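Coordinate inspection notes
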Amino acid sequence: TFADRLTLWAGELRCELLFAGQPAHTTNDIVAWIPEHSVLFAGDLVFNGGTPFFVQGSLAGHIAACERVKEFGAERIVPGHGAVCGPEALDGMLGYLRFIRHVAEDGYAAGIPPIEAARRADLGEFAKLAEHERLVANLHRAYSELRGEPLAAPLPLAEIFAEMVEFNGGPVRCFA
């Protein structure tokens, strides 16, 4: 285990493991950076082609983590979900996360529950992402942060997953 970073060697190949620094996708996100090849193994900090999911992490932390790993300048990113991609995936992640923040701020200010904010949301450019029902869970997490609760504070996951099923109009394919 390690607190912030750990360097591993596979022969001459350096691999830097870095903790995201705060809750993001979950409370213990780690990336692996291979500077010699400019490759970042991002784990679930990056979803390529699917809707990000951070109900057990933090919206604010996920934004900060994506901005932090963007500074590596990786040429290739191996995401936790989806195909290997370039650094533009981080821009896509940040765009989605900021979209969630905006929808949550509007819904919270209007006093509507997360599922209703999700129903009213115009996904726009994010409509092409798979697993739209994750929007509901992500809004629950964002509302938690707007209420001033600690990052990654426990949420009623069974209730949130039930709302995801309702929003989806049927069973959900993946809770990853």
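So, a few notes on the structure that sits alongside this text. Keep in mind it's a predicted model, so treat the numbers as computed, not measured.

Description of the overall build of the protein
When helices and strands are tallied, the protein shows 5 helices and 5 strands. Listing every helix and strand of the protein by position from the N terminus yields β-β-β-β-α-β-α-α-α-α. For the protein, whose C-alpha radius of gyration is 17 Å, the value lies close to the compact-globule estimate of 16 Å for 176 residues. Taken over the C-alpha atoms alone, the protein extends approximately 55 × 30 × 25 Å along its principal axes.

Considering the pairing of strand β5 (residues 76–81)
Across 5 bridges, strand β4 (residues 39–47) lies against β5 in parallel orientation. Residue pairing for β5: V39 is matched across the bridge by R76. In this fold, β4 hands off to helix α1 (residues 59–70), which returns the chain to β5; that crossover is right-handed.

Remarks on unusual backbone geometry
The phi dihedral of E131 falls on the positive side, at around 65°, and the residue is not glycine. On the accessibility criterion, E131 (15% relative accessible area) is buried. One non-glycine residue, A152, adopts positive backbone phi at about 65°. Among the residues examined, A152 registers a relative accessible area of 19% and is labelled buried.

A word on the packing of α1 against helix α2 (residues 88–110)
Put simply, α1 and α2 touch, their axes get as near as 10 Å, and they point 160° apart. Taken as axis vectors, α1 and α2 run roughly antiparallel relative to one another. As for the relative orientation of α1 and α2, their crossing is left-handed in sense. Note on element contacts: α2 touches α1 through L90, D91, M93, L94, L97, R98, I100 and R101, opposite L59, H62, I63, C66, E67, V69 and K70.

Notes on the environment of F2
Along the chain, F2 falls in the segment before β1 (5–10). With a relative accessible area of 24%, F2 lands in the partly exposed category. On a C-alpha basis, the gap between F2 and L13 in space is 20 Å, while along the polypeptide they are 11 residues apart. F2 has contacts with L17, L18, F19 and I30, leaving out every residue within four places of it along the chain.

Topic: the nonpolar core
Ranked by size, the top nonpolar core spans 49 residues in total, and within it F99, I100 and L135 carry the most contacts. Among the secondary structure elements, those contributing two or more residues to this core are β3 (30–34), β4, α1, α2, α3 (114–120), α4 (134–146) and α5 (157–168). Ranked by residue count, the leading element in this core is α2, at 10 residues. Leave out the neighbours within four places in its chain, and L135 touches Y96, F99, I100, A118, A121, L123 and F167.

Re the pairing of β1
It is a general feature of regular strands that their side chains alternate between the two faces of the sheet. For β1 and strand β2 (residues 13–19), the ladder comprises 6 bridges, and the chain directions are antiparallel. For R5, the partnering residue across the bridge sits in β2 and is L18. Here β1 folds back onto β2, and the loop between the two strands holds 2 residues, one of which, G11, carries a positive phi near 65°.

What counts as what
- Positions within a chain are numbered from 1, following the residues in the order the chain's sequence is written.
- Since the coordinates come from a predicted model, pLDDT governs what is reported: local features require at least 70, and pairs of side-chain atoms require 80 or more to be given and counted, while whole-chain, interface and lining totals use all residues.
- Just so you know, side-chain values use all the structure's heavy atoms and leave hydrogens and water out.
- Where helices and strands are cited, they refer to DSSP runs of H or I of at least four residues and of E of at least two residues respectively, numbered from the N terminus.
- Here the globule rule is a power law, 2.2 Å times the number of residues to the power 0.38, and the radius of gyration is based on C-alpha atoms.
- Strands are labelled as partners when DSSP assigns at least two bridges between them.
- Handedness is read with the strands pointing away from the viewer; a crossover is right-handed when the path from the first strand over the helix to the second is clockwise.
- Exposure is judged per residue with a 1.4 Å probe applied to protein chains only, and the accessible area is read against the type maximum: over 50% gives exposed, under 20% gives buried, and values in between give partly exposed.
- Convention adopted: a line fitted to C-alpha atoms gives each axis, helices being fitted over their contacting stretch, and angles between N-to-C directions are expressed from 0 to 180 degrees.
- These descriptions rest on fixed angle ranges, namely under 35 degrees for roughly parallel, over 145 for roughly antiparallel, 65 to 115 for roughly perpendicular, and the rest for oblique.
- Should the near helix be turned counterclockwise from the far one by less than a right angle, the crossing is left-handed, whereas a clockwise turn marks it as right-handed.
- Any pair of residues with heavy atoms lying within 4.5 Å of one another is described as a contacting pair.
- By nonpolar core is meant a set of buried Ala, Val, Leu, Ile, Met, Phe, Trp, Tyr and Cys residues that side-chain atoms within 4.5 Å join together.

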